[in-house]
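# Notes for the structure review
Below, each chain spelled out in residue letters.
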Amino acid sequence: MSEKISLVITSIASPNAVLKSYAQMCKQHSVNFIVVGDTKSPNDFFIDNCQFLSIDAQHGIHNSFSRLLPVKHYARKNMGYLQAIQQGSTVIIETDDDNFGNDNFFNFFPQSSTQFHYEVTGKWVNIYQYFTHKNIWPRGLPLDCILDDSADFSKAQLQNINAPIQQGLANDNPDVDAIYRLVNDERIQFNHNAPIALGKHTWCPFNSQNTVWYKEAFPLLYLPSYCSFRMTDIWRSFIAQRIAWENNWQVLFYAPTVWQERNEHNLMRDFEDEVPGYLHNNEIKKTLECLSLKGGANNLGDNLKRCYEALVQRQYIGESEMPLLEAWLRALDEIS
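Residues numbered from 1 in each chain as written. Predicted model: local features only at pLDDT ≥ 70, side-chain atom pairs only at ≥ 80, totals over all residues. Heavy atoms only, no water.

### Overview of the layout of surface pockets
- Of the volumes computed, that of the largest pocket is approximately 900 Å³.
- In terms of lining, the largest pocket is formed by 32 residues, of which the most central are Ile-12, Tyr-74, Phe-229, Asn-263 and His-265.
- With 3 residues, the single largest contributor to the lining of the largest pocket is helix α8 (residues 267-289).
- For the lining of the largest pocket, the per-class residue count stands at 5 nonpolar, 11 polar and 16 charged.
- Computed from the structure, the second largest pocket encloses a volume of approximately 520 Å³.
- Of all the secondary-structure elements, those providing two or more residues to the lining of the second largest pocket are α9 (300-313) and α10 (321-335).
- Counting residues per element, the lining of the second largest pocket draws most heavily on α9, which supplies 4 residues.
- Class assignment of the residues belonging to the lining of the second largest pocket gives a composition of 8 nonpolar, 6 polar and 5 charged. (1 Å grid on protein atoms, 1.4 Å probe; cavity = no way out; pocket = protein on both sides within 12 Å on 5 of 7 lines; lining within 4 Å. Points joined across faces, edges and corners; volume = space filled by probe spheres on them. Helix = DSSP H or I, 4+ residues; strand = E, 2+ residues; numbered from the N terminus. Nonpolar A, V, L, I, M, F, W, Y, C, P; charged D, E, K, R; others polar.)

Written out as structure tokens, the structure reads:
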């Protein structure tokens, strides 16, 4: 069966060069292109071959969930996921409005395939070390791990894997934390090494900037709203990895298929928004590791609730997250 692919981006910008380029690429590859707007989006937003979702249009996808979602928030992207699912997508790709896709952008990997597999149980892995010898680390990696070079990727073995979640890297201005940008901010060109899948209990943050999700993992797309803006996709990745292991899924990382011309940021504000991660990412890992979860598609929703309940109980995420998550799960049931 051929995959039905949707590309989802959230943006409050007027049609820019990145969005226009994706519209053309999607047309060439028969990909459904969805841009999720917010209250600051221009009222006259239009790009040919692009579905633009205004706030009103988002209410039309699933009214109760859309109205619970905070406005002026990156998690409005959840409405784009629901639109893609409602339209029958079997693969959802997501990126941001400052990442240009290269010619290989749509050349992601089959969910079930033979790839290099690396496992180091219970440890954090800096996946960037596999693709470069530069001192660089992904946003979300605990600070006390950034100088740890103990990962031996030469021990990775070719194995049959099942990877319904895949992370492509970004060149030039990759996804790093504010500390990296404040003290270094060197532009990076990653090596085009073979893809590598991380095994069970091997931790590495992944983001929402160049990520592929197959249908089996769609419930795990959920972006939380009641946590730091700079942690929403990172903490989602920790929860997704934890649940993936119960299903014998691996997370696959592959060489860059985008390059970023980063939108303007206030780095000190980014730093402030990342402080909850600097302080708590290790504890979140330990909390998730201790949970008793179950494998199988029918348990994905319950597993999500167990993970979020644990993080809410420890006050990493606000209590208002739980009714929003419940609404997400209801929406999935109603539109699928």
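### A word on α10
- In this model α10 runs 21 Å from its N-terminal to its C-terminal C-alpha over 15 residues, within 8% of the 21 Å that 1.5 Å per residue would give.
- Residues Glu-321, Met-322, Leu-324, Leu-325, Ala-327, Trp-328, Leu-329, Ala-331, Leu-332 and Ile-335 constitute the buried set of α10.
- Buried residues along α10 sit in contact with α2 (55-61), α3 (63-68), α4 (77-86) and α9. (Expected span 1.5 Å × (residues − 1). Buried < 20%, exposed > 50% of the residue type's maximum accessible area, 1.4 Å probe, protein only. Contact = heavy atoms within 4.5 Å.)

### Structural notes on the pattern of salt bridges
- One pass over the structure, following the stated rule, counts 15 salt bridges.
- The salt bridge involving Glu-283 is made with Lys-286; its shortest N-O contact spans 3.7 Å. Taken together, the residues span about one helical turn, with Glu-283 and Lys-286 both in helix α8 at a distance of 3 residues.
- When its relative accessible area of 37% is taken as the criterion, Glu-283 is described as partly exposed. (Salt bridge = Lys/Arg side-chain N within 4 Å of Asp/Glu carboxyl O.)

### Some remarks on empty space enclosed by the protein
- Within this structure, the stated rule accounts for 3 cavities of 30 Å³ or more.
- Approximately 120 Å³ is the volume attributed to the largest cavity.
- What lines the largest cavity is a set of 17 residues, among which Tyr-128, Gln-167, Gly-168, Asp-175 and Asn-207 lie closest to the centre.
- Broken down by element, the residue count for the lining of the largest cavity peaks at 4 residues, all from strand β9 (residues 165-171).
- For the lining of the largest cavity, a count of residues per class yields 10 nonpolar, 5 polar and 2 charged.
- By volume, the second largest cavity is sized at about 40 Å³.
- Arg-139, Gly-140, Leu-141, Asp-177, Met-231, Glu-274, Gly-277, Tyr-278 and Asn-281 are the residues that line the second largest cavity.
- Of the residues assigned to the lining of the second largest cavity, the class counts are 3 nonpolar, 3 polar and 3 charged.

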